[in-house]
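Coordinate inspection notes
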Amino acid sequence: MDAFTQNLIFTVLKIAFVLTFTLLGVTMVILAERRFSAFIQDRLGPNRTWFGGLGQSFADGIKLIVKEDVIPNHVDRLVYLLAPVVMMTPALMIGAVIPFGATIPSGELWLPLLGANLENLVLQIANINVGILYFVSVTSIGVYGIVMGGWAQNNKYSLLGALRASAQMISYELPLGLSVVAVVLMAGSLSLGEIVKVQQEGFWFILNFPAFLVFLIAVFAETNRLPFDLAECEQELVAGYHTEYSSMKFGMFLLAEYANLITSSAFIVTLFFGGWDVPFYDETAHGLAGVLLSVIVFAIKISFFVFLFIWVRWSLPRFRYDQLMHLGWKRLLPISLATVVGTAILMVLFKDLYH
Amino acid sequence: MATKTISVDIKTVKNDVYLVEIFKGLLLTLKHFLKIGAKSAYLAPTERRAGKLSTNNRATIQYPEEKWVPYPQYRGLHRLNKDEQDRTKCVACEMCATACPADCIFIEAERSPWADEFPNDPKREKHPKIYEIDVLRCIFCGFCEEACPCEAIELTEIYDFAAYSRENAVYDKEKLERVYDLTKDGKFYQEGRKLDFEF
Amino acid sequence: MELAIFIVLAVLAISSAVVVITQKSPVYSVLALVSTFFALAGIYVLLNAYFLAMIQIAVYAGAIMVLFLFVVMLLNLKEQYYVENPKKIIGGVLGLAFVFALLFPIFEIEKNLVPESQMPVGDAYNIGIRLFTDYVFPFEIASIILLIATVGAIVFTKKHS
């Protein structure tokens, strides 16, 4: 078997793994959100389906799929049908550049069917050298789903939701990008594999706390999670951009929101918490077991940030629109600029210590 | 309670940053999360369903296993009261049917078997041959209860009486008197009783 | 394989570009322009210009077109009709001039062809080196022009007193 076929097979396997992880993760995160929000509000949440409610998301999914698909008469059909797809695609695309485990050394994989001359297997679908830019651009096109959906429904509230979403995305893209620049400065590379490697050999970039804070807040805004969910606030805009979506089209919006949640958490972990790095442990020491451990540790780190997203959502009230803009332009932007400059200065000062 | 006016000076650094306040809020919700989450996490689903989890910390009532006990003035399913000798108190005066805004009560009167026992009480001369309440139409306003001159019809605390067919949702005299037997001590839900006729 | 991808992307880019100018609804035009940008980004990737491709998506598709869409939706523009004849003629002349200006480099492409093995990878490192050595003057000029535009925008928003 030649190298090309081998690569192809492993890439397809990796894609399958990442998609399965994301989509299964989505069902679990939806359940977690409902259960955890219930606990926070002194309730119990869904606990009947299967073991303690584990099947709830699947049951809901089946319900959404078999529901009647209503397309209102006054909508712009083409854009209306396209919007959920446009929403879903970037959410799943982001997973392509995230390294989700340590490299499997050649000779460790026991796969007799595929031949013996395996190369080192990098657990990342595409280690492109502009990985971070890929993340920034794909998150920035995520807003099109919201805007198209909001506009196509041809009603005031959805349009307002879409307008808010687009303005919010543009505003928070800047702090997001600038706080990422600080990480890029520290890592010296735009490739995510390289960033994880630098953190593994040195320290986690959480040490650059201001950049982390700005990035965290900006990611909250980019994923449209409370306290930044002005695009869909129920009280003012009757669910905003997906008011007139029903059945699985609505389900796609929901799925995309939670897929975004998972991939964003994965990015926070990759950029600031060493990705799959297991602290004080050499992943290559125990062969395949060490690699497996790194994947599991990565999943645990993601779970923590997903929990943080849920926790914050059920604790904080929503921003008013002017407060949102105030925070974005007058607070986060200067802080992120200062972070970039400060990081650069510190890196020059402590150059010997670092590289 | 009078409205409390507080003035917040947004210009101080503490109020402008409000990260500490966010953190405090997060801690509060975390406390609630742990209180319920930790307790329900270690219980097996079957135990949880059986209502083993103490009700002190949670608002949820696990419905089919545990049931909410309504307060005394709750307006639920109707009942037809009976006197000490098991004779219906109703005299078929049709005051309830007249008062009913939903027009869900149907009464057909006849001379009661015990009419001779009350020579001085013209009221007990009649009793309902048919007394039907269509609970699908009923709005549970309690006007029938108010209108009744001899306290024969009353609304009980029963709230779960869904039916599988429209016919079963029409409560006749036998059913309404059975409801009286079940609820006369006012402990329908405390004793864990169930309506024992066909739905 | 590469040729097939190129043809798909090129057809997508050109057909979306045609939709941009023929579509009467402004929102459709903007969305078609977005798809043109995506196709262009794909062509950049085929040219090994990864950095440019990502910047194309992040800046043009992700920020500028969102702003366009924002304005179009905010103004709630109805379907636009074709402009009157004098403007049409001017526009046609300018468009033709632009096409001719584009044709010259296309005919000169043969002279500048580089074998694929020597083609530089357009990642952040290479572009950074070129920008801050060979092209540092145009780069700084561009940033000053952007600064002037920003200052101008702020001046416009201030009330005249």
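In the block above lies the structure referred to throughout.
Parameters and conventions
- Residues numbered from 1 in each chain as written.
- Chains lettered and ligands numbered in written order.
- Predicted model: local features only at pLDDT ≥ 70, side-chain atom pairs only at ≥ 80, totals over all residues.
- Heavy atoms only, no water.
- Helix = DSSP H or I, 4+ residues; strand = E, 2+ residues; numbered from the N terminus.
- Buried < 20%, exposed > 50% of the residue type's maximum accessible area, 1.4 Å probe, protein only.
- Contact = heavy atoms within 4.5 Å.
- Salt bridge = Lys/Arg side-chain N within 4 Å of Asp/Glu carboxyl O.
- Nonpolar A, V, L, I, M, F, W, Y, C, P; charged D, E, K, R; others polar.
- Pairing = 2+ DSSP bridges.
- Axes fitted to C-alpha atoms, helices over the stretch in contact; angles between N-to-C directions.
- Core = buried A, V, L, I, M, F, W, Y, C linked by side-chain atoms within 4.5 Å.
- Patch = residues over 30% accessible without salt bridge, like charges linked within 9 Å, V, L, I, M, F, W, Y side chains within 5 Å.
- Areas by Shrake-Rupley, 256 points an atom, 1.4 Å probe, with all protein chains shown as cover.

Concerning the environment of G76 of chain B
Residue and element names in this part refer to chain B. Here G76 is to be found in the loop between α3 (45–49) and β1 (78–80). For G76, a relative accessible area of 3% translates into the label buried. Residues G76 and V17, 59 residues apart in the sequence, show an inter-C-alpha distance of 53 Å. Residue contacts for G76: discarding those within four places in its chain leaves F140, L155, T156 and I158.

Here's the deal with the interface of chain A and chain C
Each partner contributes to the interface: chain A provides 24 residues, whereas chain C provides 25 residues. Taken together, the links from chain A to chain C amount to zero salt bridges. Counting only elements with at least two residues in the side of chain A that touches chain C, the list comes to α3 (77–93), α4 (131–141), α5 (143–152) and α6 (156–187) of chain A. In terms of residue class, the side of chain A that touches chain C is made up of 18 nonpolar, four polar and two charged.

Some words on the side chain of T263 of chain A
Residue and element names in this part refer to chain A. Within the fold, T263 resides in helix α10 (residues 247–272). Classification of T263 by relative accessible area gives buried; the value is 4%. Beyond its immediate stretch of four places on either side in the chain, T263 contacts A91, I94, G95 and I98.

Looking at the sheet that holds strand β3 (residues 126–134) of chain B
All names here are of chain B. In spatial order, the strands read β2-β3-β5; together these three strands make up an open sheet with antiparallel pairing. Each having just a single partner strand, β2 (105–111) and β5 (170–171) make up the two edges of the open sheet. Of the pairings in the sheet, the one linking β3 to β5 comprises two bridges and is antiparallel in character. Bridge pairing in β5 places D134 opposite V170. Seen against the sheet, helix α6 (residues 173–183) touches β3 and β5 and runs at an angle of roughly 85° to β3.

Focus: the pattern of salt bridges
Residues and elements named next belong to chain A. Tallying each qualifying case throughout the model produces 13 salt bridges over all chains. A salt bridge links E33 to R313; its shortest N-O distance comes to 3.1 Å. Taken together, the residues span a long stretch of sequence, with E33 in helix α1 (residues 3–40) and R313 in helix α11 (residues 288–313) at a distance of 280 residues.

Focus: the nonpolar core
The biggest cluster of nonpolar side chains holds 126 residues, and the ones touching the most others in it are Y144, F215, I268, L271 and F272 of chain A. If one sorts the elements of this core by residue count, α6 of chain A sits on top with 15 residues. Setting aside chain neighbours within four positions, we find L271 of chain A in contact with I132, V180, V183, L192, I195, Q199, F205 and F215 of chain A. By size, the runner-up hydrophobic cluster in this structure holds 33 residues, among which are C90, C96, C100 and C144 of chain B.

Brief notes about a nonpolar patch on the surface
Residue and element names in this part refer to chain A. Taken together, L24, M28, W50, F51, L54 and F58 make up a surface patch of nonpolar side chains, about 650 Å² in accessible area. With respect to the helices, strands and loops of the structure, M28 is situated in helix α1. Taking relative accessible area as the criterion, M28 reaches 36% and is therefore assigned partly exposed.

As for the pairing of β3 of chain B
Sheet topology note: the β2 of chain B/β3 of chain B ladder contains seven bridges and is antiparallel. Each residue of the ladder has a partner; that of E110 of chain B, found in β3 of chain B, is H127 of chain B.

Let's talk about unusual backbone geometry
At N154 of chain A, a residue that is not glycine, the phi angle is positive and equals roughly 60°. Here N154 of chain A lies in the loop between α5 and α6. Classification of N154 of chain A as exposed rests on a relative accessible area of 54%. Even without being glycine, F140 of chain B reaches a positive phi, approximately 55°. Residue position: F140 of chain B is located in the loop between β3 and α5 (143–147).

In short, shape yes, function no, at least from these values alone.
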